[in-house]
Amino acid sequence: MADPTRPGCPRCAHGDTEHIHASPVPGVWDVLRCPRCLYMWRTSEPARRTRREHYPEGFRLTEADLANADEVPAVPPLRRAT
Ligand SMILES: [Zn+2]
């Protein structure tokens with residue numbers, strides 16, 4: 001359920017966020033994560049990283065983008081030194 005005190009995800013506009021971490025000095029910043037696209041940000045970062053309306057258009061995602069996203073490629077085995 002969306003928390004009205006937290007803004008939605010800057011990258012995909014999902015309405016809910018997860019609270020991951022709080023600043024050592026209480027109330028300075030929080031680290032939030034989007035449960036849909038897994039974007040994480042600290043609330044003290046600039047608006048272009050924390051607010052949907054300021055997030056760069058070229059990096060914005062929609063629900064359809066996420067549904068059609070290709071699988072993340074597997075990391076190949078390490079090459080041995082020759
Ligand atoms: Zn998101």
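Preceding this paragraph is the structure being described.
About the cut-offs
- Residues numbered from 1 in each chain as written.
- Predicted model: local features only at pLDDT ≥ 70, side-chain atom pairs only at ≥ 80, totals over all residues.
- Helix = DSSP H or I, 4+ residues; strand = E, 2+ residues; numbered from the N terminus.
- Rg over C-alpha atoms; globule rule 2.2 N^0.38 Å.
- Buried ≥ 20, exposed ≤ 12 C-beta atoms within 10 Å, placed from the backbone.
- Contact = placed C-beta atoms within 7 Å.
- Pairing = 2+ DSSP bridges.
- Axes fitted to C-alpha atoms, helices over the stretch in contact; angles between N-to-C directions.

Engineer: Account for the overall build of the chain, with residues named and values stated.
Structural biologist: Tallying secondary structure elements over the chain gives two helices and three strands in all. When the helices and strands of the chain are placed in sequence order, the string is β-β-β-α-α. Relative to the 2.2 N^0.38 estimate, which gives 12 Å for 82 residues, the radius of gyration of the chain is 16 Å and therefore markedly larger than a compact globule would have. Overall, the chain is about 55 × 35 × 25 Å in size when its C-alpha atoms are taken along their principal axes. For the chain, the residues scored as buried account for 10% of the 82 residues in total. Taking all contacts inside the chain whose residues are at least 6 apart in sequence as the whole, residues at least 24 apart take part in 37%.

Engineer: Explain the sheet that holds strand S3 (residues 40–42) to me, using residue names and the numbers behind them.
Structural biologist: Here we have three strands laid out as an open sheet, ordered S1-S2-S3, and antiparallel in their pairing. Strands at the two margins of the open sheet, each flanked by one partner only, are strand S1 (18–22) and S3. Sheet twist, expressed as the mean angle between neighbouring strand axes with direction ignored, is 25°. Inspection of the sheet shows S1 paired to strand S2 (residues 30–33) by four bridges, in the antiparallel sense. In the strand pairing of S2, Ala 22 is matched with Asp 30.

Engineer: Before we move on, can you summarise the environment of Trp 29 with the specific residues and values?
Structural biologist: Here Trp 29 is to be found in the loop between S1 and S2. Take Trp 29: there are 15 C-beta atoms within 10 Å of it, and that puts it in the partly exposed class. Excluding residues that lie within four positions of it along the chain, Trp 29 makes contacts with Ser 23, Arg 42, Thr 43 and Ser 44.

Engineer: So what about the pairing of S2? Which residues, and what values?
Structural biologist: In terms of strand pairing, S2 meets S3 through three bridges, oriented antiparallel. Along S3, the bridge assignment pairs Arg 33 with Met 40.

Engineer: So what about unusual backbone geometry? Which residues, and what values?
Structural biologist: The phi dihedral of Ala 13 is positive, around 70°, even though this residue is not glycine. Take Ala 13: there are 17 C-beta atoms within 10 Å of it, and that puts it in the partly exposed class. Phi angles above zero are rare outside glycine, and Leu 38 is one such case at about 70°. Tracing the sequence through the fold places Leu 38 in the loop between S2 and S3.

Spatial relationships are all this shows, so hold off on functional conclusions.
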